[in-house]
Structure formats: C-alpha cells, structure tokens
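# Fold and contact review
The residues making up each chain are set out below.
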Amino acid sequence: MKNVDQRFRIAHREAWIGVGLVVFNFLWWFGFAYGLGSVEPEEYHYILGMPAWFFYSCALGSVVMMVLVSAVVKLFFKEVPLDDEEGSS
C-alpha cells in the first residue's frame, strides 16, 4: 500500500472536526430557534430586548461558536508545512 502523506491525514482529521463544529452549530441554532420560538409571540420571554429564542440561537450562539472554534483550532489543529516535502518543484 502506498504511504499517504501525513499532511493529508491531518487535513482529513481537521476537516471532520470542522464538520462536527458545523453540525453542533446547526443543532444549537435549530434547537433554540425552533424549541423556544415555537410558542405564540405573546408568550415570548425577552433578553436584552430580543426574544429569548433569537438571543440564544443567534446572539449567544455566535459567541459560543467563536469561542469554541478558537479553542478547537488552538487545541486540536496542527501547523503543517505546505511546501513539497521532497524539496523538488
């Protein structure tokens, strides 16, 4: 079997981490937007002048994702050289 360049393995793993982050973001957004937003507007609770479903799904969700993505990149992503390993071009 042909040896696979280690950079492709790292990129593949990091791509799956990215997919996981996207799925988490969608579930967070969907859960709060449709979970809390599925009641009549007269029954909404408000946070900082915004409906709670919007605050949690969009405003807080954006902050959570920024912190989560920053932490994941810092902890799990690796610096890899982009130049050819063999040194020939």
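First, a word on scope: everything that follows refers to the structure included in this document. (Residues numbered from 1 in each chain as written. Predicted model: local features only at pLDDT ≥ 70, side-chain atom pairs only at ≥ 80, totals over all residues. Heavy atoms only, no water.)

With that settled, the discussion passes to a nonpolar patch on the surface. Taken together, the side chains of W16, V19, V23, F26, L27, W29, F30 and Y34 present a nonpolar region at the surface, about 840 Å² in accessible area. Topologically, V19 is positioned in helix 1 (residues 6-36). For V19, a relative accessible area of 41% puts it in the partly exposed group. (Patch = residues over 30% accessible without salt bridge, like charges linked within 9 Å, V, L, I, M, F, W, Y side chains within 5 Å. Areas by Shrake-Rupley, 256 points an atom, 1.4 Å probe, with all protein chains shown as cover. Salt bridge = Lys/Arg side-chain N within 4 Å of Asp/Glu carboxyl O. Helix = DSSP H or I, 4+ residues; strand = E, 2+ residues; numbered from the N terminus. Buried < 20%, exposed > 50% of the residue type's maximum accessible area, 1.4 Å probe, protein only.)

Attention now goes to the pattern of salt bridges. Opposite charge on two side chains permits them to pair, given that their charged atoms come into close proximity. Enumeration according to the criterion identifies one salt bridge in this entry. Here D5 ties to R7 by a salt bridge, and the two come within 2.5 Å at their closest N and O atoms. Taking the relative accessible area as the measure of exposure, R7 reaches 18% and is therefore buried.

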